[in-house]
Amino acid sequence: MNNKKAFLGIAALMLVFFLAACGGNDKTSPSDNADPKSNTHENRSKSDNSDSMEGMDHSGSGEVPEGLAMAENPSYPVGSKVIIHADHMPGMEGAEATVSGAFDTTVYSVTYTPTTGGKPVKNHKWVVHEEIKNAGDKPYKSGEEVVLNAEHMKGMKGAKATIDTAEQTTVYMVDYTDTKTGEKITKHMWVTESELSPVK
């Protein structure tokens, strides 16, 4: 009987050690626990602003800035199938997209320091004229300083910015599937006409 009790005691002790070992090995890397959608909201541009381009929203709300005029005769009307030739973020280059909006405006690339702190974001593409605070009718020129009203990224709205480039063109809102994650991106703002080509 004593042998049986001793055996049961040893078995119970081994079970405790076994369970403790299993619990100790249950270590997952941060990436294992990450929300699969969280990485789709970061812009890892190939330019020198890659470290400060986090928080970029792929999908947009579809809310068009006040005063932004719809294009009367765009090269790619709403519903057109196009190929994106831009790498604003991973999974965008080469993606097939559907145009969900087309607008005539002046579009800018800008350098700004986020209101949340951190390094300056250089050559951010794109901000339209109507997304600049107190913008008048006259387009801004390279080198001019402005305040942003856009909310494409965290810390963008209200940030002071410098105009890097300015171009009068048609900008597009597009829906596409991320080529890296397979996520469906809707109402992404913005892609310029020169960054698109028709689906052959």
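Residues numbered from 1 in each chain as written. Predicted model: local features only at pLDDT ≥ 70, side-chain atom pairs only at ≥ 80, totals over all residues. Heavy atoms only, no water.

**Q** What should I look at first to understand the overall build of the protein in this one?
**A** A tally of regular secondary structure across the protein gives 2 helices and 8 strands. When the elements of the protein are put in sequence order from the N terminus, they spell out α-α-β-β-β-β-β-β-β-β. Approximately 11900 Å² of the protein is accessible, and the part contributed by carbon and sulfur atoms is 52%. (Helix = DSSP H or I, 4+ residues; strand = E, 2+ residues; numbered from the N terminus. Areas by Shrake-Rupley, 256 points an atom, 1.4 Å probe, with all protein chains shown as cover.)

**Q** Where do I start with the nonpolar core in this structure?
**A** Across soluble globular proteins, you tend to see nonpolar side chains buried next to one another. Within the largest apolar cluster, 17 residues are counted, with the highest numbers of intra-cluster contacts made by Ile 84, Tyr 172, Val 174, Tyr 176 and Leu 196. Secondary-structure elements contributing two or more residues to this core are strand E2 (81-84), strand E3 (96-112), strand E6 (160-177) and strand E7 (184-192). Counting 15 residues, the second largest nonpolar core, distinct from the first, contains Tyr 108, Tyr 112, Val 146 and Met 156. (Core = buried A, V, L, I, M, F, W, Y, C linked by side-chain atoms within 4.5 Å. Buried < 20%, exposed > 50% of the residue type's maximum accessible area, 1.4 Å probe, protein only.)

**Q** It is not clear to me how the pairing of E2 should be interpreted in this structure. Could you clarify?
**A** For a regular strand, side-chain orientation follows a simple rule: the groups alternate between the two sheet faces. Bridging between E2 and E3 involves 3 bridges; their strand directions are antiparallel. In the strand pairing of E3, Val 82 is matched with Ala 97. Pairing analysis gives 3 bridges linking E2 to strand E8 (residues 196-198), with the strands arranged antiparallel. Counted as the bridge partner of Val 82 is Pro 198 from E8. (Pairing = 2+ DSSP bridges.)

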